[in-house]
Amino acid sequence: MAMRKKRTNDPEGMRRRVLDVAEDSFQARGYHASSLGDLMAAAGVTGGALHHHFPTKKALALAVIEERVAAAVRETWIDPVLAAPSAREGVRVVFEAVAAELERQGYVRGCPLNNLAHELSLADDEFRSALARIFANWRQAIADKMRADQPDGGADPERFAALVVAAYSGAMSMAKTAQDAGVLRACLRELESFEPSPSQGRLTAKRRRRVLSRAKIG
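Residues numbered from 1 in each chain as written. Predicted model: local features only at pLDDT ≥ 70, side-chain atom pairs only at ≥ 80, totals over all residues. Heavy atoms only, no water.

As for the packing of aromatic side chains
The relative placement of two aromatic rings is captured by the distance of their centres and the angle of their planes.
Right, so step 1: Within this structure, the stated rule accounts for 8 aromatic pairs.
Right, so step 2: For the pair Trp77 and Phe95, a centre-to-centre distance of 5.9 Å together with 90° between the ring planes defines the contact as edge-to-face. Of the two residues, Trp77 is situated in helix α4 (residues 57-83) and Phe95 in helix α5 (residues 87-105); the sequence distance between them amounts to 18 residues.
Right, so step 3: What makes Trp77 buried here is its relative accessible area of 2%.
Right, so step 4: Their ring planes at 15° and their centres at 6.0 Å tell us that Phe135 and Trp138 sit as a pair that is stacked. Residue Phe135 and its partner Trp138 are both found in helix α7 (residues 125-149); the two are separated by 3 residues, about one turn of the helix. As far as burial versus exposure is concerned, Phe135 and Trp138 are alike and both buried.
Right, so step 5: Through a chain of ring-to-ring contacts, the aromatic side chains of Trp77, Phe95, Phe135, Trp138 and Tyr168 assemble into a single cluster.
Right, so step 6: Positioned above the aromatic ring of Tyr31, the side-chain terminus of Lys57 is 4.4 Å from the ring centre. (Phe/Tyr/Trp six-rings, centres within 6.5 Å; stacked < 30°, edge-to-face > 60°. Helix = DSSP H or I, 4+ residues; strand = E, 2+ residues; numbered from the N terminus. Buried < 20%, exposed > 50% of the residue type's maximum accessible area, 1.4 Å probe, protein only. Lys NZ or Arg CZ within 6 Å of the ring centre and 35° of its normal.)

Quick notes on α7
Right, so step 1: Helix length check: α7, at 25 residues, gives a terminal C-alpha distance of 36 Å against a target of 36 Å (1.5 Å per residue), a fit within 8%.
Right, so step 2: Listing the buried residues of α7 in full gives Phe127, Ala130, Leu131, Ile134, Phe135, Trp138, Ala141, Ile142, Ala143, Lys145 and Met146.
Right, so step 3: The inward-facing, buried residues of α7 abut α4, α5, α6 (112-120) and α8 (157-178).
Right, so step 4: For α7, the N-terminal cap is Asp124; the gap from its side-chain oxygen to the backbone nitrogen of Glu126 is 2.7 Å. (Expected span 1.5 Å × (residues − 1). Contact = heavy atoms within 4.5 Å. Polar contact = N/O pair within 3.5 Å; in protein donor to acceptor, adjacent residues only side chain to side chain.)

Notes on the layout of surface pockets
Right, so step 1: Taken as a whole, the largest pocket encloses approximately 650 Å³ of empty space.
Right, so step 2: In terms of lining, the largest pocket is formed by 23 residues, of which the most central are Ala72, Thr76, Leu102, Gly110 and Pro112.
Right, so step 3: Counting residues per element, the ones that place at least two in the lining of the largest pocket are α1 (11-28), α4, α5, α6 and α8.
Right, so step 4: Sort the elements by how many residues they give to the lining of the largest pocket and α4 lands first, with 6 residues. (1 Å grid on protein atoms, 1.4 Å probe; cavity = no way out; pocket = protein on both sides within 12 Å on 5 of 7 lines; lining within 4 Å. Points joined across faces, edges and corners; volume = space filled by probe spheres on them.)

Some words on α4
Right, so step 1: The end-to-end C-alpha distance of α4 is 36 Å, a good match for the 39 Å that 27 residues give at a rise of 1.5 Å each.
Right, so step 2: Along its length, α4 reaches its greatest deviation from straightness, about 40°, at Arg74. (Bend = angle between axes of the 7 residues up to and from the residue.)

Points about the packing of α4 against α7
Right, so step 1: Following both chains from N to C, one finds α4 and α7 inclined at 10°, their axes separated by 10 Å at the closest point. Classified by the angle their axes make, α4 and α7 are roughly parallel. The segment α4 lies against α7, with Lys58, Ala61, Leu62, Ile65, Glu66, Val69, Ala70, Val73, Trp77, Ile78, Val81 and Leu82 engaging Glu126, Phe127, Ala130, Leu131, Arg133, Ile134, Asn137, Trp138, Ala141, Ile142 and Lys145.
Right, so step 2: Split into classes, the residues belonging to the contact of α4 with α7 amount to 17 nonpolar, 1 polar and 5 charged. (Axes fitted to C-alpha atoms, helices over the stretch in contact; angles between N-to-C directions. Parallel < 35°, antiparallel > 145°, perpendicular 65-115°, else oblique. Nonpolar A, V, L, I, M, F, W, Y, C, P; charged D, E, K, R; others polar.)

Considerations on the side chain of Arg68
Right, so step 1: By the secondary structure assignment, Arg68 is in helix α4.
Right, so step 2: Of the polar contacts made by the side chain of Arg68, one reaches the side chain of Glu23; its length is 3.0 Å.
Right, so step 3: Here Arg68 is in contact with Arg16, Leu19, Asp20, Glu23 and Ala63, once residues within four sequence places are set aside.

Focus on the confidence of the model for the protein chain
Right, so step 1: The pLDDT averaged across the protein chain works out to 88; a share of 85% of its residues lies at or above 70.
Right, so step 2: Taken together, the stretch residues 1-7 has pLDDT below 50 and engages in 0 contacts with residues farther than four places along the chain or on a different chain.
Right, so step 3: Between residues 203-208, whose pLDDT stays under 50, and residues either more than four places distant or in other chains, the model counts 3 contacts. (pLDDT = per-residue confidence, 0-100.)

Right under this line is the structure:
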């Protein structure tokens, strides 16, 4: 008599698989173009199993934003900047690492956060709030690192952080359109040569520093 194959019960594994598929589809095709039927087929799950974890497509998208996109921003940006000797050096490391990875893979999908922000921010307040929190945490991490770098004052940390996030987001959108990671390197060069205003309350007569001091040669 043939042995009956034992069924495995791994709800968390199934949930991760659905998130993997949804994350990839939302980036490659967009949220609105990704049907639940396609997601179920790609993940190999039934409708009942999918709805057990994610009652609606919106719930699935919020999970992707809050669990996957937020984690990607932390892994790609926040952790490297906080681990760097300075905020400026951390920003340089991230730009160069992302450009190198995009060149290695041979295509540019864009920034996961930026992609969903463009598509979903005006579609639903919950989407907008979830995406805004990630942007805010990203800026705050850079600003906090900048503030720690210059306890006696200097360039305005909040302005510096906003400039970096905006520059990166814009560069990634242009790189996606052109399918050319070189846009990121060009953006980095401009950041290296830009001179910001000092923090409010600081004497403007003091020598202004570069946003990203150039690496020394030799």
